[in-house]
Each structure stands twice: as C-alpha cells, then as structure tokens.
Amino acid sequence: MSFYFAIVGTKDNPIYEVEFGTSGTKAAGLDPNAKKDEHRHLNQFIIHSALDLVEELQWNTNAMYLKSVDKFNEWHISAFISAGNIKFMLLHESKNEDSIRNFFNECHESYIKILMNPFYEINSPITSIGFDTKVRYAAKRYL
Amino acid sequence: MDPLLFTAPARIRVLLVPVHPIKAPTFHRHVQLVKNFNVVRLGDVTPDMRGVQSAMFSSQLFHEGQLHFNFVTSYEPEHAYLEEFQMHRRIFGVIGIMDCCEWSDLKEGYNKFSEIIKNYRTAVAHRCFAFDPSEDQPDDTKGLIMIPNVGEMNFYMSTMISDFANNILTEFGNLATDIEKRQIIYSPKIPTPNSPQLQNGSNNQQSNGRYSAPLQSFSSPELKSSQAFSLTPPVQAMTTAGVGGAAAGVAPKESYHSRSFSSSTLVNIAAQAANVPTDMRLKKRAPGRILKLIADLYLMAGILPNALQNYMLAIEATKANSDYLWHGSALEGLCVVLLLAAYLHAEIGPPIIQSQPLASPTATDQPPSSPESPKVLWVETTEKYVQVLTLYAKTSSSSNDQVPPLIYTEACLKVAKLLACIWVAGGWGDDALKLIVHGGTPEKGLNEKWGLSSVCGVSKIEVTQWAMKGYGSYVEDMSITEQIHITTTLSTIFSIINFRRKHAFFLRQTALLILPLIAKPRNSSPQTNKPPTGSESGLLTCLKKVTETYGIGDDVDQTDYSVMAEDARPLTFGWPDIQIDVLKDALTISDSLPDYPSMVKYTTRLLRKLFMYLHRDEQIRLSASIPRIVSAGKKQGLDMEFKYWGLNVVKGIQVCRPTSRRIPYPHAGKKLSLKNEEKKEGVSPFIYQSFNKKKADNTQIHLVANETSYFLVTLANPFAFDLDIQSISISTDGVAFTPNTMSITILANTSITLRLLGTPTEPGELIVRGCKIKVHGCLEQEFCVYLPPSDEEIKRKEKEEEYSKRIKKCGLAVLDNLSHTTNNQKGFLKVSVISEQPLIKIKSTSLMHGAIMLFEGEQAEMTIKLENVGKIPVDFLSLSFSDSTIANTQALLNSSDMPAEEAYEMELYALRQSVFSWNQKDNVKILPGSEWIVNINVFGKRGCVNGTIQIDYGYLNRPNTSDDEPFYTRQVHYPVLLTIHQNLETISMDILNFKPLCEGENDGVVNSCSDNNKLIEDLLKVMKWNNKGTKEDFMEKMENDYCLLTFDIRNVWHVGFDVTIEADEGEEIDPLSITTTIQPTSTARIILPIKRISLSEKEYTQPIPSLSEKQFVVSKGPKGTVEQERLALALFWYREKLLQKIKAIWESQLTNQKGVVDIRSLRLNKSMLNVLKINEISFGIDIEDGSKVTKLSCNQFKCPVNEFVKMKFIIYNHQGIYILEI
C-alpha cells in the first residue's frame, strides 16, 4: 500500500506533496530510486489530470470531501476541496472512504492552522515541518 | 476514420489503394472524392439480379437502411486475429485509384492493381477507378472503371459506388452461408506470445507510415507504397491464400476458412485453442456464435430489423451456453442496431416481430427499448454496456475465451465517446446521433458553459469514468499502435468534454508513445529546408497543446523581456515538476524529429521559466546545448537567429553623478549674479520654513553635451551558468547619443554593476530606455528599464483592477487570465542634457602644499592660476569662501544661551571678519587653453585652521541665447590649510580722567602708573599733536573733553613687533598715532587721550543688534533689573563707539609682515563708562575776578580771604533736547 498526497493551490500549483507507504521500500529492485522517481512523476501527472474532475464535481455537492473522483489503472484518486478552493488530492490503491475522509479532515485542520499564520501567503508552498509531521501522523493513523 | 466510432461495427471497411505511379496530391484528391460517397441508402443500391442465395442481404428488404462505407487508406494486419470475431475489422473491398495520365496502357495498370489486391484476401469486392482518362485512352480494359472528369461526375460516382455496394452485399450472402456451415468458431486470441519478434520487426520497418495514421489522415505517398507492401501478411500466408482472394467472385467456403487460419499467428491460436477445450463444447457454442456473426453482417448491410433479430437470438443462445465473450459482443452489436435505428427514425422492433415469429419470445423482453422515446436510449445503451463489461470481465476466468483487452477497452471508449458526443451536442437528439453515427469533430461552444452538464443528462464525470475504465493497466501490454489509438481516442474524448488537463495528459502519453517510432538516425545527408511532414507537424502541434495546458505554452514566450524580472517569482501558474517533465519530453521529441527551432524554443522555455527548479548541472547542460542546436540548425539551412530568451538581466540603470568639478549648477537667469541670489534668500523672517521645499542635492543630474557621461547599470544573472555578454551599450531616445559598448561575463548567480559610457551630442532631453545587450549566440536585444510607477499610478491601477480582482479565478482559468495582464507603458528615466560647458582647472597657486601660516590679524595675499581646459571660453567667474570658524561659531551660537553682547561679539568675529576676500574684476574672459590669475586676500583670523575657496564659473554670453534662459556654472574648490599664530594680545584696559599734574600733590589717582617717564613722553606727543592753544587752554580742554585710555599690549611671539595705535577722532583734528616697538615677551602700556563720548539716550538704549539671521529666543536666564539692562546697553554702545575710534596695526620689520591687533578683547566696566561718557548735564565753576583769584586747576581756585568774588556756574547741556527747568 502506498499513497501519494498532494495539496494543490488555485493555480494548479502544488503547495505540499508527500508520499508514504511501504511499496517504495519493498520494491527494492534493481534500481529502486529510478523507478520510484518515475513513479512519482507519473503520480503527479495523474493528480494533475484528476483536477479536471474535481473542478467538475465541486459544483455538484455541498460536501468538501468529494470521495473518489477518478481512477487510473488500479489507482483511485480521492479529493477534498477546501473553502478556498485548495484541493487535497490523495492517490491510493484501495477504497476506504471513511478513513480517507478522516485523513482529509485532519489534514484540512492542519492546513487551516497554516493558513492562519499571518506570514503564510495563500498558494505558496507549505514548508512547515510541523505540518509535515502532522500529515504523516494522520496518514499513519487513518490510512 | 476513427476506429472507435460507436457505429464502427456497422461500417464496411473498404481500402483505397493507389495504383502506382500516382502523384500524392492526385491520390488524395481522388480519395476525398470517393469518401464523399461513404453513405449509400439501401434503396439506391442496384438490385441484385444474380441468384436466390444472395437474397439474404437483398437491398430491397429494408429500404430505409443505409450502408456505411469506411474508406481507409491504410490497413493494420495487427488486428487480423479479431477479424473473425468482429467482422467489421475486415477489409471487404478494395478500390484501386489510378491516374490515367500516368499510364499509357491502362491494361498494364489494371494488372498491377490485380497484383495489389492479391494481398488483401479478405476483400470480397474490388474495383479499379481510373480517373481523368484522356480521350485517346480506350475504355476497353475489363474490370477497369473509367471515371471521366467531365459531366455529372457525382452521379456517375454514386452509381459506381452503388454497384460496388451491391457487389459487397452479394458477397455478404456468400459469407453468411459459409459461416452457417461452420462447425466450430474460435474466439480470438492475442497472438503476441508466439511472434513477438515478427511483430516488432514489422513495427520497425513500417514505423513512419503506419503510426502517422492516427495523427493525420494521410501520409506521404512514398511511405504509402512501402506500407501497402509491407502490410502483407507473412509470405506463406500469401501463397496459400492467393487463389481464393484473387477471384472477384464467390469466395469458396473452404478457401476462406483456410485463409483465415493460414497466417502464422492464427495457426498458432488454432493449435493452442484446440488443445484446451473440448470440441464438443465449442460445437455447442457454435450456433450462437454463428448467429452473432450473421447479425454483424446484417448490421453492416444496413438491414437493421434482421440484425436486431439475429442479435437477440444470438444473445439467447450465448446466454444459454454462458458464452460470455460472444454474448457481450452480441449485446454491443444490438446497441449499435438500436442507435442506428434511432438515427434513421425507423421503427424496427414491431415489424420484425410480425414478420419473423421466431423472434417473438425474445422480443417480449426487448421491445420496450426500441419503441420507447429515444431519450432513454443512451441510458439503456450505457446500462447494456455495463452488462457487456461484466460479461467481458467474466471471461477472464476462462482460459480460452478470454476477452482481448482491445475489445474491452474499445467497448469502454465507445461508450465514453458516445456520451461525450451527447454532451457536446447539448443532449440527446438528432445532433447527437449525427455525431455518433458519422463521427467527425463536434462543434464546441454548445455546452461550453459549466453547470450545463446536468441539463443534457450526461455528466462529464460519467464520460470520464467510462473513459478511464478503458485505460487499465493492461493497456501497457498492448502493442504500441493500439496504445496510441487508445490514447488518441482518450484525448479526443477529453477534448470534446473540455477536460483540458486530461486531454493534455493523454496527448503527452501519445506523444511519448510515438517518440520511439519517429526517432530516426541522425543522418548527415543534407536535407535542406525540408518542410516537416504531416506526422511531424502533427506531433509539434500536439506538443504545443500539451504545454499550453500545463501553463508553459507559447504564450509565455510573448511576454516583454523587460518585465520578465517579476515573472521569476515562484508563485505563478502551474506545477513545476510536471512542467519540467513536459518540457523535457517536448525537448526529446523535437530532438528526435529533429526540429531545431522547437528544440531551441523548449530549451529556452525550460531555462527561463523553471530555472529555479533545475539543478545547476542541468542548467549548464541545457545552456550549453543551445549553441549546439543552433549550429546544427544552421547546417540544415534554417534561419536560426533567435532572440535572447532568458530573463531580463538589467536590473537597474542610473545616471552616474559626475565628479564634483564637472557638476553643472543651474541658475535662473543670466543677469542675476550669485551674490544677488544669496541676498534674496535672506529676506524671510523665519529660519525654518516648512512650506519651502528644499531641493535635495541629487535630484537633478544634468548631462553635458559632448562630454562623456557615465551610467551605472546593474546586471544580474539568476542562472547557474555564466552569461557571456558580447556587447552591452546604453539604449537611448531623444537627443543624439553616442554609446560606447563593452563586453562582460556575468558569473552564475551573481550581479554586477557596470559603468557604461556614452556621449550625448546635443542639448535636450535624453530618454534612457535601457540597455542593448547581445548575449553570446543570440541577436542583440534591447532590455528596457522602467521607472517604478509613482504612488498615484499604483493607486489608479489598483482602482482599475479592483473589479477584476473580485472575480477569483482558479485552475486553468487562471491561465487565460495570466495572458491578459497588460503592462501599460511605464516611464523611462529622463535626463536633461545641457549645452556645452567650460572646464577649468587650478594650475597653480602661490601657496606651498596648499598651506599658509599667518599671525593673528595678518593680511596676506595669495594668487590662484586657473587654466581653461575645456573647449569653450569662460566669461563669468565668482568666488566664494568658507572657513572652519564659521561653522563652529554658528554651532556655539545656536546651542548656548549667552548674553546678547557676547553673542554680538561672536557673530562679529565669525561673519564680519572673513578669512578670504576677493576684489571682483569685471570682464573676465578665459579662452580655451589660456590662463587667468586670481588674487585673494587672506586674513589671519584667530582659531581658523582651514578654509575653502570655491570658484564658480560659466560661459554666459553665448551667441544666440536670451538673458532669461537659465545658465549653468561649474565649481572648482581649493582647500587651504591655515595656521594662525597669536603674536600680540591686548589686556587690562582702563579709562582715566585727566588730573592736573601737580608736582608734589600726590592726591591724584593717575600716577599709579609705574612708568612716569613714559607717561610724560606720551603726553609730550599729545602736546605736539595739538599745540595750538596755550597750556591752560589745552589743559582745560583736556580736563573737560578728554579722558585717558590705557591698555597693555603683550608680545607673546619671539620676534619684536612695531605697533602703531591710531585714535581717529574724526572731525577737524588729525588722527593721533603712537608707534612703539614691543620686544618679545614684553608688555607695552599704551596711553591714549580719547575724546569723551556723548551719546544720546536714544542711541545707547537701542537693543543690541544681531548680525546673523537668528530666530528670536526669549532669554532663559535670570533677567536683570531695568537699571542693569540699561547699564549693559550703555556699556555696549559706548564700547562700540570707543572701538570705532581706535585702530591698532602691527608690523614686523624682519619679515615685512603687517596686520591688525585685535582690540576687541578689551572690555568696558561701569567706572570706565563713567569716565568715558559725557553726562547729559554738567557743571562748570569759574571765578571771574581774574586778578586776585588764581585758578589752580580745573575746579580749584585760590581766592583772597574776606573778599567777594564772582562765581560763575556754567551748566552744560549735552543733550540734543532743550531743557526748560533746572
């Protein structure tokens, strides 16, 4: 199980990216780094292309959690959209709506805290270490 | 035509082959002509007269029906294994296209065509169209159809096609009977495991032509021919199948059968398949499969009712046998039938049921679908397809009937495309159906507005879901062609529903798939200026689209380079990692084409937009590749001159302040001299005026015509590689300017400040636009530097943007917004250039090392020799001076709260005694190259250590100038070091009354002085000075009008000085002067008779004047009584009067120096004042009787005792007013 989580700003720009899961370490093949790198790029492309669907879906529902919006091969893309049109995108393999919802909620909460920082500019990359650990912790807990 | 059209199963594939030689454009023209006739109504098909057998597909059965031809120009044998399963994949007909102009003997041509058709054995019908026959070419070749280029060509063609259609229909009948007779029908199998080499081999061979097809509808003729031949199945297949395929007539069942299995791949399948399942099971399934195949034929033949009926039967049969694959396929066919029926508005359900009682049991289940309102049809179709997919999915468990992934994917994509078509048409209806049936590009705009998706019933989400279903991991296992097909279809679908990111994603995927196929070996053969072929330009367009979506499209190149500096901020649109990837892909693709201009384009874009995300080595590599690409491109004869691509390197530009002696100072008008101006300024009563804006020193810098001016230019290189600037110069507007160029290298990640030179050649306004820079390998380019907008401008802009700011854009909409940001023209730096100015330098002075040593009060003279080193004469010269004492005193005066008389003393010292002075001369004229001497008087002022001589000069009386014009002067400064030694000091002043010098009578106060002889000597001098009257008179006069002023002068220097004291009483009396020599370290007492001073009350009660412009401050100290105040004023004014009279001059015989002794250090006190001043009213006593009375002294008389004497009281009134009473 591996996950790729990205927060995308309003200008299609990533403001936070993280990858977690076990598959990366497990699949220590001949050249795990290269493979991982390639995979990471593909992940980004997949997430980016799923933004189309998020933009479509966000008008159809009141909920911030949009559930699984797209599917790419065996991968699901779940999305969560904040009030400020910041998109939380998670690439995952298995469908588990509730835990993903919890994960998103947790991340959103952390994001709101980041947003309240007067020195944080909207759409700028999140560099806070605290945020990173919080997200990783949430991932450990829920995913 | 798109193979993934929903109604593809209803289309008859007909191959159009060129019969060489034929010119490519001619061929394509004819192809287009033929393609116009791709739809033939069944009613129009020439009725077949041949036999009963073919009545099965008689065109007369279903008049409304239509035959859809799918005219193709290329054929992929790759899917041959599916032809058995999906009949529409076969080539049913071959039409040769021949250009009569190329052939002299048409028969020969026809023979060639016959050769060609041997390659396509599945084709059951063929024609050879000979276009544009000339008159002399006989129309006698059998089988060759001449198409004249005159007359009713369309009619003729449609007849021909109808005839062709009839032929095909007949053949369908034959095919059907063949199929019906078969015992076993195998499911398709992917042939990959057994013949990968073969596949790959053929792939490489045919790379270019074949893969160009999905991108572009045609490919170049040369490739076409090679393709036509290389497409042939392996050799052994040809030989075995040749017999049957060649004949135009009936294809015998056996030959067909053997043909279909004769290709090496299919043999394998057969062998494989035969091993696993029992023949029995297959035999059991055969009837259902036969039904399905026949239904396929009906569908293609356009006889929809029969197709429907057969499909239903097939569904029944396959369901019973749990033959999932065929069941699904039959369902797919059914959907197509229903759609086509809906398209034709034909009621096909009920009539069939009546005419064909066989179908009735199934018909009861299905009818609701067809006769019901067509709105539901697409919903039903999707539902059916869900079923189809489940069926297909089920097959994965069985070993031999597995669904080929292609079929599965195509099913998904077909639905997706169907839905997309419905969406774009704005809902289910004829428009949508037309799109579905005929394909083609939908017009956008109908459903562009977001939020409308729910209106038409189809949501974009649904489309995406279907589409993404078709893109599973198994796609990667497919052959590249198939993958390309899938990705192109996907990108088309997404572009239809306006999902630009997805569209771009799949376009990129496509491009990457195509990449290995187009990679040609870099041959050095000179292909000069070869225009990109269809596929290449298609690929480039593809790249362009992809980059646009990711926010790195061509728009970014449009931006003005001078404002690019702001764009370097990281907070612009897009995902940097992805952008880098996409650009690198684009680079690789254009590299493999190779297309040099786009390589340069993408390299530079990558560097410019994303350099901050690139590693240093990467940047260096990319930048190094640019010249290489350029030279490679130039070798190809391409015009590879390109502009500088990077960010604006010029960060700022400013005019360098000239050296102080070159600075021109402006003055208002010619007739106002500098001194006048100074005076004018002193009028205001306030020292500090808040409303007077004082000009800052450096606001205005003037350049001088024909003199080199300097500009400070700051350049910054944000990249990780060195920027080699071959030439850089100032770019200007306005007056003529001659810039000097220089070259420089800016090291990586640094900024430097350059001093650039240039010469304005005429007066006026110079607009500094920026710099012209030629970066190595690029064209010279101008980099503008704008002034930062003023506050007002910013406010105005904010106001303008206020409205647009309120509408927030997100996602790709931002991208559109970005390009709209207009940068309204901002101002450039403007510098005024003034006319030529003279230049003077100080050639020499009379001083040694600029230093002078003086005694206090000494007067000396120094000279300065000026030389005009400029080009024009100087006719105005003005000197001004400053010395160190002024500033000090000023500070002291301002800070401390001292009594007014003290302050006056200090001011007098500071301001009235100037160290330097100069006698102005008129008619100054220093011609260029000539010299001029200025004489300056220097005064030894106590406490002064240095001073500065400032010489302002200019050329005023120029020809052709009016007096009002402002003029400019320049300044030369000459600092002088001063050493002032104190030589003499004056101390202990006293003022005494004259007393009679009676010997023996020692009651006087006067004789306290030690040096009696001296005193007498002095008095003798006094007598000499005025010995007109008698001694008595003199004495009396002295007693009344004079008093004695005494003070000491001490020589503190080691040289003796001659001191001359002068007391100037003015009026009629000659000035009295005393000269003494004061030896070193000795003191001389000076005694001077001074006329007593009478001042009116009005005079001595004036307030103490102030010499400097000083704000009046109320004294903070304790205020004295009125008497004290009066006394202080009186002391001040009497002292002033006294000092006016006295003048002390010293002279040194040895050094021939002379100067003034400072006597202002002498202070007056009250008792002295009483002596000095003449009272307003005074008494005098006199005794008249002169004989007896002797006057001893002034008021002393000797009288006889007891005798009356007449005493006379004289009252003197010294006041100016008349006194009435006593």
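The coordinates are above.
Residues numbered from 1 in each chain as written. Chains lettered and ligands numbered in written order. Predicted model: local features only at pLDDT ≥ 70, side-chain atom pairs only at ≥ 80, totals over all residues.

*Asks:* Requested: an account of the overall build of chain A, with residues and values cited.
*Replies:* On a plain count of helices and strands, chain A comes out with four helices and five strands. Ordered by position in the sequence, the α and β elements of chain A form the string β-β-α-α-β-β-β-α-α. In chain A, buried positions account for 37% of the 143 residues. (Helix = DSSP H or I, 4+ residues; strand = E, 2+ residues; numbered from the N terminus. Buried ≥ 20, exposed ≤ 12 C-beta atoms within 10 Å, placed from the backbone.)

*Asks:* Could you give an account of the sheet that holds strand 3 (residues 65–72) of chain A, naming the residues involved and the relevant values?
*Replies:* In a beta sheet, neighbouring strands are held together by backbone hydrogen bonds and run either parallel or antiparallel to one another. Residues and elements named next belong to chain A. Here we have five strands laid out as an open sheet, ordered 2-1-5-4-3, and antiparallel in their pairing. A strand with exactly one partner marks an edge of an open sheet, and here the two such strands are strand 2 (14–21) and strand 3. Here the strands of the sheet are splayed against their neighbours by 20° on average, with no regard to which way each runs. Two elements, strand 1 (residues 2–8) and strand 2, share seven bridges in a ladder whose sense is antiparallel. Counted as the bridge partner of Val-8 is Pro-14 from strand 2. Contacting strand 1, strand 3, strand 4 (75–81) and strand 5 (87–92), helix 3 (residues 97–116) runs over the sheet at an angle of about 145° to strand 5. (Pairing = 2+ DSSP bridges. Axes fitted to C-alpha atoms, helices over the stretch in contact; angles between N-to-C directions. Contact = placed C-beta atoms within 7 Å.)

*Asks:* Outline the interface of chain B and chain A, supporting the account with residue identities and numerical values.
*Replies:* When the parts of a complex come together, some accessible area is lost, and that lost area is often used as the size of the interface. Counting from both sides, the interface comprises 25 residues of chain B and, opposite them, 25 residues of chain A. Counting only elements with at least two residues in the side of chain B that touches chain A, the list comes to helix 19 (460–469), helix 21 (500–518), helix 25 (576–592) and helix 30 (812–820) of chain B. Residues belonging to the side of chain B that touches chain A are distributed by class as follows: 12 nonpolar, seven polar and six charged. (Nonpolar A, V, L, I, M, F, W, Y, C, P; charged D, E, K, R; others polar.)

*Asks:* Let's hear about the sheet that holds strand 29 (residues 1072–1078) of chain B: which residues, and what values?
*Replies:* Residue and element names in this part refer to chain B. The strand order 29-28-31-32 describes an open sheet built from four strands, whose pairing is antiparallel. A strand with exactly one partner marks an edge of an open sheet, and here the two such strands are strand 29 and strand 32 (1153–1156). With strand direction ignored, the average angle separating the axes of adjacent strands in the sheet is 20°. Bridge analysis of strand 28 (residues 1057–1063) against strand 29 gives seven bridges, and the strand direction is antiparallel. Following the sheet pairing, Asp-1058 is matched in strand 29 by Thr-1077.

*Asks:* Can you break down the environment of Phe69(B) residue by residue, with the values?
*Replies:* Residues and elements named next belong to chain B. Inspection of the secondary structure puts Phe-69 in strand 3 (residues 66–72). Overall, the presence of 24 C-beta atoms within 10 Å leaves Phe-69 in the buried class. Residues Phe-69 and Arg-13, 56 residues apart in the sequence, show an inter-C-alpha distance of 6.0 Å. Once residues within four sequence positions are removed from consideration, Phe-69 is found in contact with Arg-11, Ile-12, Val-14 and Asn-38.

*Asks:* Can you explain the packing of helix 11 (residues 304–320) of chain B against helix 12 (residues 324–344) of chain B? Please cite residues and give values.
*Replies:* Residues and elements named next belong to chain B. Taken N-terminus to C-terminus, the directions of helix 11 and helix 12 make an angle of 155°; their axes are 9 Å apart at the nearest point. Classified by the angle between their axes, helix 11 and helix 12 sit roughly antiparallel to one another. The way helix 11 lies across helix 12 gives a crossing that is left-handed. Contact residues: Leu-304, Ala-307, Leu-308, Tyr-311, Ala-314, Ile-315, Thr-318 and Lys-319 in helix 11; Trp-326, His-327, Ala-330, Leu-331, Gly-333, Leu-334, Val-337, Leu-340 and Ala-341 in helix 12. Here the residues of the contact of helix 11 with helix 12 sort into 13 nonpolar, three polar and one charged. (Parallel < 35°, antiparallel > 145°, perpendicular 65-115°, else oblique. Left-handed = near helix turned anticlockwise from the far one by under 90°.)

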